[in-house]
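# Observations on chain architecture
The primary structure of each chain is shown beneath.
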Amino acid sequence: MTGRAKKVAAPKKKANGYKMPAPIATGEIIHDTTMKKKWRIGPSIGVGGFGEIYSACDHDSTPKSSNYPFVVKIEPHENGPLFVEKHFYIRNAKMDDITSFMKSKKLSSLGMPSYYGNGSHDYKGEKYRYLVLERYGKDLWSLFIDSGRSFPAPTVFQIGLQMLDVLEYIHSRGYVHADIKGANILLGLKKGTENQAYLVDFGLAARVNDKEFKPDPKCAHNGTIEYTSRDAHLGVATMRGDLEILGYNMLQWLVGTLPWEKSLKQPKAVQEMKEAFMKNVKTSVAKLNGNVPDALIKFFEYINTLKPKEVPDYAKCRQIFETYLKSQGVTRNTKLVFTATKKAKTSTKTMTVDDESDEEPLKKSPKKKTDKVVKRRNPKPKEPSPEENGENKEPEESDKKKKAKRKSSEPSVLVKVKKPKLAPKATPPVKKNHINIATQTSIEKRRSPRQVSFDSPISLIIGEKIPLKRSKENEPKNTSADMFEDSFEEKKPKRKDKILLSDEEYTEKRVVKKKVTTVKPKGRSWKDAPTVMNGRSPPK
């Protein structure tokens, strides 16, 4: 039986039912037969709900990887959004029409995208539809997230003014956008257009219906659900609906979230919440967390006065926005600022000396800051004070000076020593949560304040129990007196006679310097100096 050839896997479909195009290789040439132009595909810059968006350039030019001046939107021929958008651009995005409108409204710029070409292209046996547009910069939704879900109020009304201009142009051409949102508003990329916002993505653009206003269940809840207008919830796209969608976006940019964002999976519930919100805008806005200017409330109230088929008074809307901007000392041409001021973090900032009531916190704040830094960098337990240690005594100044001399760089010697049977006298009971310094070893990197140096530079450190391979004959004697024997002229009885030794052995780490002959101080005997044995002072 002969084997059958495997079919090429069809491109996957998204949840919205649109088939996604297969990835197109960089450098692929597409040909616009109508405009008689060729374009070269660059790296992909995004994926939409209908297809993929690629950077592009003229076929003859050789731009840098980050300097492609155009974008190409590509979708399979069986999809629909790009077909609608393509015809909208062909009819309404001619440069002559845009320039004529700008002159009539005395505008220096307009956020209407420029159209450069369209056509069909075959790639690996699949037929695609494409649209060539000017390339723009970052979208407002990304900037909104980066700014902590909040824009300064003047910026919100500046963008609102720019969107009013675009909507007036679109409505004058007999269309409505129906999908205004931050992701579809891009900033200019060319020099001089950085503060101009452009409204893109006309996949849901529809002609204004001159017939009687009648709900259409087939088109109900069209658009992005959180911004959809009340008319669009009924399935009818209107000009007043575009203004309402813009108002919802501005409200979100000011307060961070919309009241119905938790119910987006229930379109009817969202519709009812929007109806309740618009019924009494002033009261509804007062319940939100955020400072919403009265200008936006007036804008919503004006939308409520419009009839379904009525053409909005764009001059009146502009006057509402411009009056607010004037009160803030801002004009429509002022540079856009997207970083919102966060009042919640004012406590971390340095206090000013001008505030007299804050003089006390100003002095204490540096200590608190440094304490936090120390705790993070040095998680070691706090060193107990002399009053908190087991002895409840502060070492004398002479002892402190002697302690400083105890550091030795001489090599250490490991010696096996027998444990004494008689336990040394116990120290007084320690306080709760206290670290007794007097009984700590050198492994813990702490020295006892009770350890005292002698005229002979010899020190004893009790340390690791490391086995030492030595014969019993070479083993040193187990007394602290033997260590000090060479340091004094008179030989005294050995401590071994007074201490009973057990058979158990442990290892001590002894650091010994070279023998130094010292002059015996007058009026002082070695008996007067306390010896250090097993980390403690002998009983008096």
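Preceding this section is the structure that the text describes.
The following paragraphs examine the structure supplied in this document.

Calculation rules
Here, residues in each chain are numbered from 1, in the same order as that chain's written sequence. Predicted model: local features are reported for residues with pLDDT of at least 70 only, side-chain atom pairs are reported and counted for 80 or more only, and whole-chain, interface and lining totals are derived from all residues. Side-chain measures here rest on the full set of heavy atoms in the structure, leaving out hydrogens and waters. We call a set of buried Ala, Val, Leu, Ile, Met, Phe, Trp, Tyr and Cys residues a nonpolar core when their side-chain atoms join them within 4.5 Å. Using a 1.4 Å probe on the protein chains alone, a residue whose accessible area is under 20% of its type maximum counts as buried, one over 50% counts as exposed, and one in between counts as partly exposed. Note on conventions: DSSP H or I runs of at least 4 residues are helices, E runs of at least 2 residues are strands, and numbering of each starts at the N terminus. Note on contacts: a residue pair qualifies if any of its non-hydrogen atoms lie within 4.5 Å across the two residues. Any two strands are treated as partners once DSSP identifies two or more bridges connecting them. Axes here mean lines fitted to C-alpha atoms, for a helix over just the part in contact, with angles spanning 0 to 180 degrees between N-to-C directions. Residue count minus one, scaled by 1.5 Å, sets the expected span of a helix. The directions from the helix axis to the C-beta atoms form the arc being described. Think of a salt bridge as a Lys or Arg side-chain nitrogen and an Asp or Glu carboxyl oxygen that are within 4 Å of each other. Working definition: a ring pair exists when centres of Phe, Tyr or Trp rings (six-membered ring for Trp) sit within 6.5 Å. Plane angles under 30 degrees give stacked, over 60 give edge-to-face, the rest tilted. Orientation labels follow simple angle bins: below 35 degrees gives roughly parallel, above 145 gives roughly antiparallel, 65 to 115 gives roughly perpendicular, and whatever is left gives oblique. The handedness criterion is simple: a crossing whose near helix is rotated anticlockwise from the far helix by less than a right angle is left-handed, and one whose near helix is rotated clockwise is right-handed. Under the scheme applied here, ten amino acids are nonpolar (Ala, Val, Leu, Ile, Met, Phe, Trp, Tyr, Cys and Pro), four are charged (Asp, Glu, Lys and Arg), and all others, including Gly, are polar.

Counting residues in hydrophobic clusters, the biggest one holds 72 residues, and the most contacted among them are L110, W253, F277 and L296. Take this core: its biggest share by element is 11 residues, from helix α4 (residues 153-172). Ignoring any residue separated from it by four or fewer positions in sequence, one finds W253 in contact with L140, F144, S150, F151, V156, I159, G182 and I185. I24, I41, F70 and V72 belong to the second-largest nonpolar core, a separate cluster that totals 13 residues.

Another point: the sheet that holds strand β1 (residues 29-32). Pairing within the open sheet is antiparallel, and its six strands lie in the order β1-β2-β3-β4-β6-β5. Sheet topology places β1 and β5 (115-123) at the edges, where each strand pairs with a single neighbour. If you compare each strand with its neighbour and ignore which way they point, the axes differ by 35° on average. Looking at chain direction, strand β3 (residues 52-58) and strand β4 (residues 70-76) are connected through five bridges and run antiparallel. In the strand pairing of β4, S55 is matched with V71. Sheet contacts for helix α1 (residues 81-92): β4, β5 and β6 (126-134); angle to β6, the most-contacted strand, approximately 40°.

What follows concerns helix α7 (residues 267-279). In an α-helix, one turn spans 3.6 residues, which is why side chains three or four residues apart end up on the same side. With 13 residues, α7 should cover 18 Å at 1.5 Å per step; its first-to-last C-alpha distance of 18 Å lies within 8% of that length. Among the residues of α7, those classed as buried are V270, Q271, K274, F277 and M278. Each buried residue of α7 sits inside an arc of 125° when the element is viewed along its axis, so together they form one side. With respect to the buried face of α7, the exposed residues turned more than 90 degrees away are K268, E272 and K279. The elements touched by buried residues of α7 are α5 (230-233), α6 (239-255), α8 (281-286) and α9 (294-305).

What follows deals with the pairing of β3. The element β3 is largely enclosed, with a buried count of five among its seven residues. For strand β2 (residues 37-47) and β3, the ladder comprises six bridges, and the chain directions are antiparallel. Its bridge partner being in β3, W39 is matched across the sheet by D58.

Attention now moves to the pattern of salt bridges. In total, this model carries 14 salt bridges according to the counting rule given. Across the pair K73 and E85 runs a salt bridge whose closest N-O atoms are separated by 2.9 Å. With K73 in strand β4 and E85 in helix α1, this pair connects stretches of sequence that are 12 residues apart. The salt bridge partner of R332 is D165, with a shortest N-O separation of 2.4 Å. In this pair, R332 sits in the loop between α10 (314-327) and α11 (359-377) while D165 sits in helix α4, placing the two residues 167 residues apart along the sequence. R332 gets classed as partly exposed once you look at its relative accessible area, which sits at 25%.

What follows is about unusual backbone geometry. Here D201, not a glycine, exhibits a phi torsion of approximately 60°, which is positive. Within the secondary structure, D201 sits in the loop between β9 (197-199) and β10 (206-207). Judged by relative accessible area, D201 falls into the partly exposed class, the value being 23%. One non-glycine residue, H221, lies in positive phi territory at about 65°. In this fold, H221 is placed in the loop between β10 and α5.

Under the 1.5 Å per step criterion, the end-to-end length of α1 is 16 Å for 12 residues, consistent within 8% with the ideal 16 Å. Here α1 has its buried residues at P81, L82, E85, K86, F88, Y89 and N92. Mapping the buried residues of α1 onto a view down its axis gives an arc of 165°, with all of them on the same face. Summarising the contacts, the buried residues of α1 are in contact with β4, β5, β6, α4 and β7 (175-176).

Enumeration according to the criterion identifies 21 aromatic pairs in this entry. Centroid distance Y136 to Y198: 4.4 Å. Interplanar angle 25°. Geometry classified as stacked. On the criterion of sequence distance, the pair formed by Y136 in the loop between β6 and α3 (140-146) and Y198 in strand β9 is long-range, its members being 62 residues apart. In this structure, Y136 and Y198 share a single accessibility class: buried. On the basis of an interplanar angle of 80° and a centroid distance of 5.6 Å, the ring pair of F144 and F151 is categorised as edge-to-face. Of the two residues, F144 and F151, both sit in the buried class.

Okay, the packing of α4 against α6 next. Where α4 meets α6, the axes come as close as 10 Å, and the angle between the chain directions of the two elements is 165°. Between α4 and α6, the interaxial angle falls into the category roughly antiparallel. Seen from above, α4 lies across α6 with right-handed handedness. Residue-level inspection shows A153, V156, F157, I159, G160, M163, L164, L167 and H171 of α4 in contact with α6, the latter providing M239, D242, L243, L246, M250, W253 and L254. Within the contact of α4 with α6, the residues separate by chemical class into 13 nonpolar, two polar and one charged.

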